[in-house]
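Fold and geometry: a report
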Amino acid sequence: MIGLISATAAGAVARDRLAAAWPDRTRVYEGPVAEAVRAAFTECGQLVCFLATGAVVRLLAPLLGDKTADPGVVCVDEGGRFAVSLVGGHGGGANELARAVGEVLGAEPVVTTATDSVGLAGLDTLGLPCEGSVATVSRALLDGEPVALEAELVWPLPALPVSAQGAYTVRLTDRAAEPGEREVLLRPPSLVVGVGASKGAPVEEVLGLVEGALAEAGLSPRSVAELATVDAKAEEPGIVAAAERLGVPLVTYSAEELAAVEVPNPSDAPLAAVGTPSVAEAAALVRGGELVVPKRKSTAQPAMATCAVVRRPGRGRLAVVGLGPGARDLLTPRAAAELRRASVIVGLDQYVDQIRDLLRPGTRVLESGLGAEEERARTAVAEAREGHAVALIGSGDAGVYAMASPALAEASDDIDVVGVPGVTAALAAGAILGAPLGHDHVSISLSDLHTPWEVIERRVRAAAEADIVVTFYNPRSRGRDWQLPKALAVLAGHREPTTPVGVVRNASRPDESSRVTTLAGLDPATVDMMTVVTVGNTATRIVGGRMVTPRGYRWQEGDR
């Protein structure tokens, strides 16, 4: 919960705007400010104070304890101009909260945490438990000191400016170890503990077995991702409580699923009890991995619990990111976040140039020129299969005449894939022209490099006969100057010469240009590859100089 505190009417206006935007996430604290801050500090995970920074500092000072436990605090001036991350930038999430508050209120987020200020990923913000000298190693990264990354297993980390050797170390490991003086240990959630238990098995027996198995194998409990068992034990109190104490989810599988898993130590007892020859080993292995601790029983007499431990390999991550039509303010926040999350960027060189300033230090960039789409797709998938966090970028929406389809045709279920939508050229051009896409519409690429012209022409003819608004991508280039006239002629056989046509070049970019003409008045020679051409249907009209296609409602001259 986010506590909201204000002292004046002006602050209350901004406070109430935030409360209205986040009704399920916020709680307004009324009454004397000092009492409100004390109550919110105790009861909430985060605070937003609409007060002067100095006042908030004085109110918070007696309450502060430890940065790992204190709530994140953001201070917003009463004019709503700035959202300052004041306390708990990383641990309390105040940096991200300041950015989120800024988006809602139109305020400028102010983040002074050293790593965030220079675009570095904070070691304590990678989403993994970390131990050791976080401040010391972070300082070394900031100062450009050589910091070595020792990855004992593959995991899709964000970009870090690390080297092969260094006096400081970031070690990615699930093994039980104490960090060195200049070392940070990152704990990936790589371990799955399969658990079986007799009815009424006490939590102390289950938990003691799990912790003992991990300790004997030299594994860190902070790398346990989940406890797994059979459906029949989903509500077994000892297992449920053990998962809660470990702070991990309990995942269950049907007996049929577990019976299909080949295990080294099957038994007749669980087969008779729950319908599978293995619970602990099978539940740990059902989604793959390496069995690092075979089934073992608790030491109680009689033994009422079993467990096994599996190490699952880290899955690579491929984000297919649409950058929009070119303007920075049409790049979505989700796309920007994925660019910051990636350690590898793959894309066309001119698209990489658009977002190079958003990349974190240490990001590896694999760029190539026009005509290498399939090679880029293969490269991105291959990098993800090696366990990296990859962002494959494209203009507009990556799923529309862009990189998503060749990449996903190459990918299989051995990597995680995330699609990030972007503003397409058709949508950007439509917004400039008015509302030409107000009813059914279709986009057709006139490039016959990948699709035979006969197929393209058949699609244009179908759109013409169906009276659908058409947006032409890739309408004309130096080597392809006849396709657009041919397509326009097909449309002209079904639409009046006065049908509105919108032409937009470099939508949303500094040299953007647009015009509205007619089907008969369009000169194809004025169109190039940077242009989108939108041809209206029989209902499309020009209203106030803008193209408008009605949404199927009655359209009468006298009603306008």
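Fair warning: this is a prediction, and the values are worked out from it, not measured in the lab.

All right, on to unusual backbone geometry then. For the bond from Gln 301 to Pro 302, the omega torsion is -5°, close enough to zero to count as cis. If you trace the backbone, Pro 302 turns up in the loop between strand E14 (290–297) and strand E15 (305–311). In this structure, Asp 467 is a non-glycine residue whose phi angle is positive, near 60°. With respect to the secondary-structure elements, Asp 467 resides in the loop between helix H17 (453–465) and strand E23 (469–473). Positive phi is not limited to glycine here, since Ser 508 has a value of about 75°. If you trace the backbone, Ser 508 turns up in the loop between strand E24 (500–505) and strand E25 (513–518).

It is worth spelling out the sheet that holds strand E12 (residues 224–230) at this point. Taken together, the 5 strands give an open sheet; going across it, the order is E13-E12-E11-E15-E14, and neighbouring strands pair in mixed fashion. At either end of the open sheet lies a strand with only one pairing partner, and these are strand E13 (250–253) and E14. Each adjacent strand pair in this sheet contributes to an overall mean axis angle of 25°, direction not counted. As paired strands, E12 and E13 are joined by 4 bridges and run parallel to one another.

What follows concerns the packing of helix H1 (residues 9–21) against helix H4 (residues 94–105). Between H1 and H4, the least distance of the axes is 10 Å, while the angle of their chain directions is 100°. The pairing of H1 with H4 is recorded here as roughly perpendicular in orientation. Taking contact as the criterion, the partners of Ala 14, Arg 17, Leu 18 and Ala 21 in H1 are, on H4, Val 101, Val 104 and Leu 105. Within the contact of H1 with H4, the residues separate by chemical class into 6 nonpolar, no polar and 1 charged.

Here we come to the sheet that holds strand E21 (residues 434–435). The 3 strands lie next to each other as E21-E28-E27, forming an open sheet whose pairing is mixed. Edge positions in the open sheet fall to E21 and strand E27 (541–543), since each of these has one partner strand only.

For the rest of this paragraph, the subject is the pattern of salt bridges. Under the defined criterion, the tally for this structure stands at 28 salt bridges. Notably, a salt bridge pairs Arg 175 with Glu 152, separated by 4.0 Å at the nearest N-O pair. In this pair, Arg 175 is assigned in the loop between strand E9 (168–172) and strand E10 (183–186) and Glu 152 in the loop between strand E8 (147–151) and E9, connecting sequence segments 23 residues apart. Of the charged contacts, one joins Lys 233 and Glu 236 as a salt bridge, the two residues approaching to 3.9 Å between their closest N and O atoms. Here Lys 233 matches Glu 236 in class, with each residue buried. Via salt bridges that share partners, Glu 152, Arg 171, Arg 175 and Glu 183 belong to a single interconnected network.

Two aromatic rings are characterised by how far apart their centres lie and by the angle between their planes. A complete count under the given rule lists 2 aromatic pairs for this structure. On the basis of an interplanar angle of 50° and a centroid distance of 4.8 Å, the ring pair of Tyr 401 and Tyr 473 is categorised as tilted. One end of the pair, Tyr 401, is in the loop between strand E19 (389–394) and helix H15 (404–410); the other, Tyr 473, is in strand E23, with 72 residues separating them in the sequence. The class of Tyr 401 is partly exposed, set by a relative accessible area of 43%. Accessibility expressed as a relative area gives 10% for Tyr 473, which makes it buried. Ring geometry for Trp 453 versus Trp 482: centroids 5.1 Å apart, planes at 70°, classification edge-to-face.

Its location among the elements puts Ser 6 in strand E1 (residues 2–6). Separated by 31 residues in the primary sequence, Ser 6 and Val 37 place their C-alpha atoms 9.6 Å from one another. Among residues more than four places away in sequence, those in contact with Ser 6 are Gly 11, Ala 12, Arg 15, Val 33, Phe 50 and Leu 51. A distance of 3.0 Å separates a polar atom in the side chain of Ser 6 from a polar atom in the side chain of Arg 15.

This brings us to the packing of helix H7 (residues 203–216) against helix H8 (residues 237–246). Viewed as axis vectors pointing N to C, H7 and H8 meet at an angle of 50°, and their least axial separation amounts to 8 Å. The angle between the axes of H7 and H8 places the two elements in the oblique class. At the point where H7 passes H8, the crossing takes the right-handed sense. Residues Val 203, Glu 204, Val 206, Leu 207 and Val 210 of H7 lie in contact with H8, whose contacting residues are Gly 238, Ile 239, Ala 241, Ala 242, Arg 245 and Leu 246. Looking at side-chain class alone, the contact of H7 with H8 contains 8 nonpolar, 1 polar and 2 charged residues.

Once that is clear, we can look at the side chain of Ser 223. For Ser 223, the location among the structural elements is in the loop between H7 and E12. Ser 223 sits in the buried class, given a relative accessible area of 0%. The residues touching Ser 223, leaving out its near neighbours within four places in the chain, are Thr 173, Asp 174, Arg 187, Pro 188, Pro 189, Ser 190 and Leu 191.

Thresholds, definitions, all that
- Residues numbered from 1 in each chain as written.
- Predicted model: local features only at pLDDT ≥ 70, side-chain atom pairs only at ≥ 80, totals over all residues.
- Heavy atoms only, no water.
- Helix = DSSP H or I, 4+ residues; strand = E, 2+ residues; numbered from the N terminus.
- Pairing = 2+ DSSP bridges.
- Axes fitted to C-alpha atoms, helices over the stretch in contact; angles between N-to-C directions.
- Parallel < 35°, antiparallel > 145°, perpendicular 65-115°, else oblique.
- Contact = heavy atoms within 4.5 Å.
- Nonpolar A, V, L, I, M, F, W, Y, C, P; charged D, E, K, R; others polar.
- Salt bridge = Lys/Arg side-chain N within 4 Å of Asp/Glu carboxyl O.
- Buried < 20%, exposed > 50% of the residue type's maximum accessible area, 1.4 Å probe, protein only.
- Phe/Tyr/Trp six-rings, centres within 6.5 Å; stacked < 30°, edge-to-face > 60°.
- Polar contact = N/O pair within 3.5 Å; in protein donor to acceptor, adjacent residues only side chain to side chain.
- Left-handed = near helix turned anticlockwise from the far one by under 90°.

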